[in-house]
Amino acid sequence: MELEITSTTRRLEPLISRTLLWFMIAMMFANIGGNMYGALLPLYLKELGASVTQIGLFFTLSQIIPLALQILGGWVSDTLGRLRSVALGSLAGNLTYVGMILAPTWQFVLVGEAFSAMTRSLIGPSFSAFIAEQSSEKNRARVFGITDALFMIVGVVGPPLGGWLADVYGFRFMLAIAWAFYAVATIIRVNMARNAAKNGEGHPKKLTFSGLRQNLGTMFGLLASGGLVTWVLITDGVRDIAFALSGNLMPLYLETIGGMTYQQIGWLGSVFGICMMLVNVPAGWLADKKGERIGIVLGFLLEASAMGLFVITSGFWGYAITWALFGVGVGLMSPAYNSLISKAVPEKVRGTAFGLFSTSLGLVSLPSPWIGAQLWERASPRVPFLVTGAAALVSILPAWAKFRLPKDGSQPAVAGSQPSESSEK
């Protein structure tokens, strides 16, 4: 006979389960490696002979493969299970480092990025969907806040470690150390997937075209409804386009105009990570108690302010304040956005939803890195960042007006679909 769970016992239940904790440990190992080189990748391309325009072209081309795979990755996650999808993605992720380390020219780094795209497509949609399924709706934003805070340890450790190793030993040695971190994550993830299969968890189904068509039909119905999901896509799309204009140019700006070294750029990434980590948990509490749109609107405001400061400040401490504003802004938005999306779509298509959002946003922002590079060279290096700040500012009004869930906590209805099961666990 099962023991009755009292309200007191419920209050004592941890927000983070043991399974989710191991899931996050693996994510931290994997992304320490990714953060070691992520902020420095444009400088690695420059070292391999790429111009500013070619760097913009590189990041535009590197987005094409994820566009073809993100939806499929989300569907694989919904069908085979989150842990299996993550394990498959991790195996492909190891080849990313091989391609980057052995690349003789910047064009060959695209080979590594192709495998990275496969990895992100399989892991990205599963990440948020798995966290949502390890939480209840009443505490979901808090769980996202805690996991985001744990995840941002990588943003504190990775960038300065990568910057120091690249400065002292060179990029290829740094990439080899990053690969070692990723290999540890792969071992943990494969073991978790094996245990899930052994225990019959996830209830995997067969991958069929009809299943993919059904999932996509549900998602496109939500997107075309003109409701919350539609406005999340539009608003986040504007933001994604704007940040794709300037995001990959920031390291170049810091080095060529700001006079920062690789290590200083790495430390700026650490400032961002610390500030985001400090804000994530209270931001999750705020979203659970007062609604997701408050954190999102405040995040947009801080991102716009940070971009304005970025183009007028100078010196390490001036840029550190800018990165702190970015960290607080993203820290406020991240758990709120993830919670909002997970509540706005049926549980059975969460993986597809996160994959479709990534694909749709990537599609509209595809030419943005190249356009940003053109603005840099033809107008001014400051112009891409000013455009990004203006877009964040404009996004505040629709976010405040439209980012509201039904008062009864129900998910938006989709024409022609059956009511979905509750995501309460």
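### A closer look at the overall build of the chain
Across its full length, the chain holds 20 helices and zero strands. Burial statistics for the chain: of 425 residues in total, 54% are counted as buried. When contacts within the chain are restricted to residue pairs at least 6 apart in sequence, long-range pairs at least 24 apart make up 88% of them. Accessible area of the chain: about 18,500 Å², with a carbon and sulfur share of 66%.

### Some details on the side chain of Arg189
Summarising the element assignment, Arg189 is placed in helix H10 (residues 171-198). For Arg189, a relative accessible area of 4% corresponds to the buried category.

### Quick word on the environment of Thr186
Considering the arrangement of structural elements, one finds Thr186 in helix H10. Looking at Thr186, the relative accessible area reads 8%, which means it is buried. C-alpha of Thr186 to C-alpha of Ala92: the two residues are 94 residues apart in sequence and 9.7 Å apart in space. Discounting chain neighbours no more than four positions away, the residues touching Thr186 are Ser90, Leu91 and Asn94.

### Section: the packing of aromatic side chains
Applying the stated criterion across every chain yields a total of 18 aromatic pairs. On the numbers, 6.0 Å between centres and 20 degrees between planes, the contact of Phe23 with Phe127 is stacked. Taken as a pair, Phe23 in helix H2 (residues 18-38) and Phe127 in helix H7 (residues 109-133) lie far apart in primary sequence, 104 residues in all. With a centroid separation of 5.0 Å and 35 degrees between ring planes, the pair formed by Tyr44 and Phe171 is classed as tilted. Here Tyr44 is found in helix H3 (residues 41-47), whereas its partner Phe171 is found in helix H10, with 127 residues between them in sequence.

### With respect to a nonpolar patch on the surface
There is a patch of nonpolar side chains on the surface, built from Leu57, Leu61, Ile64, Trp370 and Ile371 and spanning about 400 Å² of accessible area. Put simply, the parts of the chain that give the nonpolar patch at least two residues each are helix H4 (52-61) and helix H18 (368-378). For Leu61, the position within the fold is in helix H4.

### Observations regarding the environment of Met333
Locating Met333 in the fold gives a position in helix H16 (residues 315-344). In sequence terms Met333 and Ile296 are 37 residues apart; their C-alpha atoms lie 4.6 Å from each other.

### Side note on the pattern of salt bridges
Once their charged atoms are close, side chains differing in charge can pair, the charge on each being opposite to the other. Counting across every chain of the model gives two salt bridges. When the shortest N-O distance is used, the salt bridge between Lys46 and Glu255 registers 3.1 Å. Note that Lys46 is positioned in helix H3 and Glu255 in helix H13 (residues 250-256), a separation of 209 residues in sequence. Note on Lys46: relative accessible area 38%, which makes it partly exposed.

### Here's the deal with the confidence of the model for the chain
One rule of thumb: low pLDDT means the predicted coordinates there are not for detailed reading. Residues of the chain with pLDDT of at least 70 account for 79%, and the chain-wide mean is 78. Residue range residues 1-12 is modelled with pLDDT below 50. Its contacts to residues more than four positions away, or to other chains, number two contacts. Scored below 50 in pLDDT, residues 409-425 shows 26 contacts in the model against residues more than four places distant or in partner chains.

### Brief notes about the packing of H2 against helix H8 (residues 140-151)
The interhelical angle for the contact between H2 and H8, taken along N-to-C directions, is 35 degrees, at an axis separation of 9 Å. By crossing handedness, the relation of H2 to H8 is classed as right-handed. For the pair formed by H2 and H8, the contact residues are Leu20, Met24, Met27, Met28 and Asn31 on the first element and Val143, Thr147, Leu150 and Phe151 on the second. Here the residues of the contact of H2 with H8 are counted per class, giving seven nonpolar, two polar and no charged.

### Overview of helix H6 (residues 82-102)
What sets the pattern is the α-helix's 3.6 residues per turn: residues three or four places apart point alike. Compared with an ideal rise of 1.5 Å per residue, which puts 21 residues at 30 Å, H6 spans 31 Å between its outermost C-alpha atoms and is within 8% of the ideal. Across the 21 residues that make up H6, a large majority, 16, are buried.

### Some thoughts on H16
The terminal C-alpha atoms of H16 lie 43 Å apart, and with 30 residues this matches the ideal 44 Å at 1.5 Å per residue to within 8%. Burial analysis of H16 places 25 of its 30 residues in the buried class, which makes it a mostly covered element.

### Focus: the nonpolar core
Residues Phe23, Val109, Met174, Phe310 and Phe385 are the most contacted members of the largest nonpolar core, which totals 70 residues. In terms of residue count, the dominant contributor to this core is H2 (ten residues). Contact partners of Phe385, with chain neighbours within four places excluded, come to Ser246, Leu249, Met250, Tyr253, Met307, Phe310, Val311 and Trp376. Core analysis: the next-biggest nonpolar cluster, separate from the first, contains 20 residues, Ala141, Val297, Ala344 and Val345 among them.

### Considerations on the packing of helix H12 (residues 228-246) against helix H19 (residues 383-394)
Put simply, H12 and H19 touch, their axes get as near as 8 Å, and they point 165 degrees apart. Comparing their axes, H19 and H12 come out roughly antiparallel. The two elements H12 and H19 cross, and the hand of that crossing is left-handed. Contacts between H12 and H19 involve Val238, Ala242, Phe243, Leu245 and Ser246 from the former and Pro384, Phe385, Val387, Thr388 and Ala391 from the latter. When the residues that make up the contact of H12 with H19 are grouped by side-chain class, the tally is eight nonpolar, two polar and no charged.

### Looking at the environment of Leu301
By the element assignment, Leu301 lies in helix H15 (residues 292-310). As a C-alpha pair, Leu301 and Leu393 span 92 residues in sequence and 6.1 Å in three-dimensional space. Residues contacting Leu301, with those up to four places away along its chain left out, are Leu393 and Ile396.

Reading the values: the criteria
- Residues numbered from 1 in each chain as written.
- Predicted model: local features only at pLDDT ≥ 70, side-chain atom pairs only at ≥ 80, totals over all residues.
- Heavy atoms only, no water.
- Helix = DSSP H or I, 4+ residues; strand = E, 2+ residues; numbered from the N terminus.
- Buried < 20%, exposed > 50% of the residue type's maximum accessible area, 1.4 Å probe, protein only.
- Contact = heavy atoms within 4.5 Å.
- Areas by Shrake-Rupley, 256 points an atom, 1.4 Å probe, with all protein chains shown as cover.
- Phe/Tyr/Trp six-rings, centres within 6.5 Å; stacked < 30°, edge-to-face > 60°.
- Patch = residues over 30% accessible without salt bridge, like charges linked within 9 Å, V, L, I, M, F, W, Y side chains within 5 Å.
- Salt bridge = Lys/Arg side-chain N within 4 Å of Asp/Glu carboxyl O.
- pLDDT = per-residue confidence, 0-100.
- Axes fitted to C-alpha atoms, helices over the stretch in contact; angles between N-to-C directions.
- Left-handed = near helix turned anticlockwise from the far one by under 90°.
- Nonpolar A, V, L, I, M, F, W, Y, C, P; charged D, E, K, R; others polar.
- Expected span 1.5 Å × (residues − 1).
- Core = buried A, V, L, I, M, F, W, Y, C linked by side-chain atoms within 4.5 Å.
- Parallel < 35°, antiparallel > 145°, perpendicular 65-115°, else oblique.

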